[in-house]
Amino acid sequence: MRRNLDLAALRALAAIADFGGVTKAAQLLNLTQSAVSMQIKRLEESLGLTLLDRSGRGVTLTNAGDQLLSYARRILALNDEAVERLTDSEYEGEIRFALPHDIIYPHIPQVLRHFNTLFPRMNVQLQTLNTIRAKEAFGRGECDLILTTEMQCDAGGETLAHLPLVWIGAPGGQAFRQRPLRLAQGRVCAFRAGIIAALDRDGVPWETAVESDSDRTLEAAVSCDMAVHALLAGTEPPHVERIPAGCGLPDLSSFLINLYVRPGNTIPGVTALAELLRKAWGGEIKPQPLAQPALQPVQRPAPQPDVAAG
């Protein structure tokens, strides 16, 4: 049968150890001396151990008391943290977080899952904005923190990762062989100028097959082999594949994933979310693989034999 430790008694034990006696511990805990003594007595009885040595002029902890004290401090710290997170007004509210759509995967779902465990009463208002618009919103004070994809990092930011651009196309597709090369391009995209410059530098003729503000539209065009596109390595959605080197397409530039946190931030949740983002891109939080739904075969009714009229 499992026995439960009394948190109030553990707190009394820690106070006795910290302040050298039952009297001072009782004053700290705003209890009577007899109430503290009774808490310790019940704790000793529940464990079948003597926790305090009362033989001398003062009260000291026995070996068992010292050992329990180590656990008590950890238990009380965890209890106090849980109560604070669940009840303190500093741990509720809303955090405004913006980032480009194409770097949501693979890390952001896991980051937000961890954050929700730590701060269940805080709501993260997630916005997908391209880097230019995210930095504009951040400059206007409309975001608490943002992620960007840039060639450099501005003052006040920090770089979380340095990733190369890679060409992507449809699984088993042939669009990368066509000339002029058909591109799916975002209207406002940090990668666009570099992609075009690389193609022009290598003399690869190209044309815009699809231009859209919607990343989903671009992904659809690529996945059906209408065009090719470029994304940061590791951020490819599951319904496309990376076009390997040596297929006639030029090497592309690398980009930085930068984090900007609102200056003067004092909100614990913002600080924690920023640290989770650092850990994710540092490899301490492992992304979950994106599962592709299995296609179910269409069930067709069995053909019925013709029945001749009698």
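A quick note: this is a predicted structure, and the numbers were derived from the prediction, not measured. (Residues numbered from 1 in each chain as written. Predicted model: local features only at pLDDT ≥ 70, side-chain atom pairs only at ≥ 80, totals over all residues. Heavy atoms only, no water.)

(A) Layout of the pattern of salt bridges. Throughout the structure, instances matching the rule amount to 16 salt bridges. In this structure, the salt-bridge partner of glutamate 44 is arginine 54, at a minimum N-O distance of 3.6 Å. Pair noted here: glutamate 44 is in helix α3 (residues 33–47) and arginine 54 is in the loop between β1 (52–53) and β2 (60–61), with a separation of 10 residues, a long-range link. Of the residues examined, glutamate 44 reaches a relative accessible area of 11% and is grouped as buried. The partner of arginine 140 in a salt bridge is glutamate 142, with the nearest N and O atoms 2.9 Å apart. Overall, arginine 140 belongs to the exposed group, its relative accessible area being 54%. For glutamate 142, a relative accessible area of 37% puts it in the partly exposed group. (Salt bridge = Lys/Arg side-chain N within 4 Å of Asp/Glu carboxyl O. Helix = DSSP H or I, 4+ residues; strand = E, 2+ residues; numbered from the N terminus. Buried < 20%, exposed > 50% of the residue type's maximum accessible area, 1.4 Å probe, protein only.)

(B) The arrangement of the packing of helix α1 (residues 7–19) against α3 in detail. In the contact formed by α1 and α3, the axes pass within 9 Å of each other and the chain directions differ by 115°. As far as their axial angle goes, α3 and α1 are roughly perpendicular. Considering the relative orientation of α1 and α3, their crossing is left-handed. Where α1 abuts α3, its residues Ala8, Ala9, Leu10, Ala12, Leu13 and Ile16 lie against Val36, Gln39, Ile40 and Leu43. For the contact of α1 with α3, a count of residues per class yields nine nonpolar, one polar and no charged. (Axes fitted to C-alpha atoms, helices over the stretch in contact; angles between N-to-C directions. Parallel < 35°, antiparallel > 145°, perpendicular 65-115°, else oblique. Left-handed = near helix turned anticlockwise from the far one by under 90°. Contact = heavy atoms within 4.5 Å. Nonpolar A, V, L, I, M, F, W, Y, C, P; charged D, E, K, R; others polar.)

(C) Main features of a nonpolar patch on the surface. The grouping of Leu5, Leu7, Tyr71 and Ile75 at the surface amounts to a nonpolar patch, some 310 Å² of accessible area in total. Within the fold, leucine 7 resides in helix α1. (Patch = residues over 30% accessible without salt bridge, like charges linked within 9 Å, V, L, I, M, F, W, Y side chains within 5 Å. Areas by Shrake-Rupley, 256 points an atom, 1.4 Å probe, with all protein chains shown as cover.)

Honestly, it's all geometry; don't read function into it.
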